[in-house]
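# Remarks on the overall topology
In case you want the letters, here they are:
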Amino acid sequence: MFDSMTAEAEVLEFLRTVVTTIKPELVVETGTFSGISTLWIAEGLKANGRGRVISCEFDREIYENAKVRIQASGLAEWIELRRESSLEMKVEGRIDLLFSDSDMPIREQEIRRFLPQINPYGLILMHDASSHLKIVREAALKLEQDGLISVVLMPTPRGLVVAQRREERK
Ligand SMILES: C[S@@+](CC[C@H](N)C(=O)[O-])C[C@H]1O[C@@H](n2cnc3c(N)ncnc32)[C@H](O)[C@@H]1O
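Residues numbered from 1 in each chain as written. Predicted model: local features only at pLDDT ≥ 70, side-chain atom pairs only at ≥ 80, totals over all residues.

Moving on: the site of the ligand. Residues in contact with the ligand amount to 21 residues; listed here are only the nearest, A7, G31, F33, S37 and D103. Residue classes in the shell around the ligand are distributed as 9 nonpolar, 8 polar and 4 charged. (Near = placed C-beta within 6 Å. Nonpolar A, V, L, I, M, F, W, Y, C, P; charged D, E, K, R; others polar.)

What follows deals with the sheet that holds strand β3 (residues 79-82). Taken in spatial order, the 7 strands of this open sheet run β3-β2-β1-β4-β5-β7-β6, and their pairing is mixed. For this open sheet the edge positions go to β3 and β6 (149-154), each flanked by a neighbour on one side alone. Pairs of neighbouring strands in the sheet enclose a mean axial angle of 15°, with direction left out of account. In this structure, strand β1 (residues 26-30) lies alongside strand β4 (residues 95-100), joined through 4 bridges in parallel fashion. (Pairing = 2+ DSSP bridges. Helix = DSSP H or I, 4+ residues; strand = E, 2+ residues; numbered from the N terminus. Axes fitted to C-alpha atoms, helices over the stretch in contact; angles between N-to-C directions.)

Tracing the backbone shows D103 in the loop between β4 and α4 (107-114). According to the C-beta neighbour criterion, D103 is partly exposed, with 16 such atoms within 10 Å. A sequence separation of 93 residues divides D103 from E10, and the C-alpha atoms of the two residues are 21 Å apart. (Buried ≥ 20, exposed ≤ 12 C-beta atoms within 10 Å, placed from the backbone.)

Mapped onto the elements, E108 comes out in helix α4. Owing to 20 C-beta atoms within 10 Å, E108 belongs among the buried residues under this scheme. As a C-alpha pair, E108 and M126 span 18 residues in sequence and 9.4 Å in three-dimensional space. Contact partners of E108, with chain neighbours within four places excluded, come to A139, K142 and L143. (Contact = placed C-beta atoms within 7 Å.)

This brings us to unusual backbone geometry. What you tend to see is this: most non-glycine residues have negative phi, and most peptide bonds are trans. Positive phi, normally seen in glycine, also occurs at D128, with a value near 70°. For D128, the position within the fold is in the loop between β5 (118-127) and α5 (135-145). You will see that K134, though not glycine, has its phi angle at about 65°, which is positive. Residue classification places K134 among the partly exposed residues on the basis of 13 C-beta atoms within 10 Å.

Running from N to C, α4 and α5 cross one another at 35°; their axes reach a closest spacing of 9 Å. Here α4 contributes R107, E108 and I111 to the contact with α5, which in turn contributes V136, A139, K142 and L143. Along the lines of polarity and charge, the residues of the contact of α4 with α5 split into 4 nonpolar, no polar and 3 charged.

Remember, this is a structural readout, not a statement about activity or role.
See the structure below:
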């Protein structure tokens, strides 16, 4: 891991590979922090030659630091960085890939909020879903029990849920 906040190295690689595999037009990330995961997603978009990632960060100072990193990266054209809360952010259009990586206690709310806009053949990734962190895993399983998503629990160091919206998936 880079630090205690940024996604694990293997999850960063996974993010880029998921992007090059499913070729999303629209990716939404909640919780930019340093912008490292945003840049890995953008690497995938660049390889695809299309799509964009909207990433939100509500902390002003953290947002400003991420902005500097992204502007210096050569990948800024693939990224729309927003300084706002994931629980207030409005996104236009259908979301093909949602990477939920903000504050752990609000992840369930976040998924519920964006769910109507998520492509039923797209993917929802919920980070920090290991059994020791608990809260995100329980949120994902609750959403599954409520019939909203189907989940796969991936045993990465911090845990990663890969999920798909159930409504409209045939
Ligand atoms: C785990 S870090 C994100 C790490 C980043 N995705 C990466 O892997 O490089 C979580 C970030 O989410 C931000 N955050 C927490 N709640 C938020 C919210 N409701 N909306 C936007 N950002 C939020 C925090 O300030 C923090 O910077």
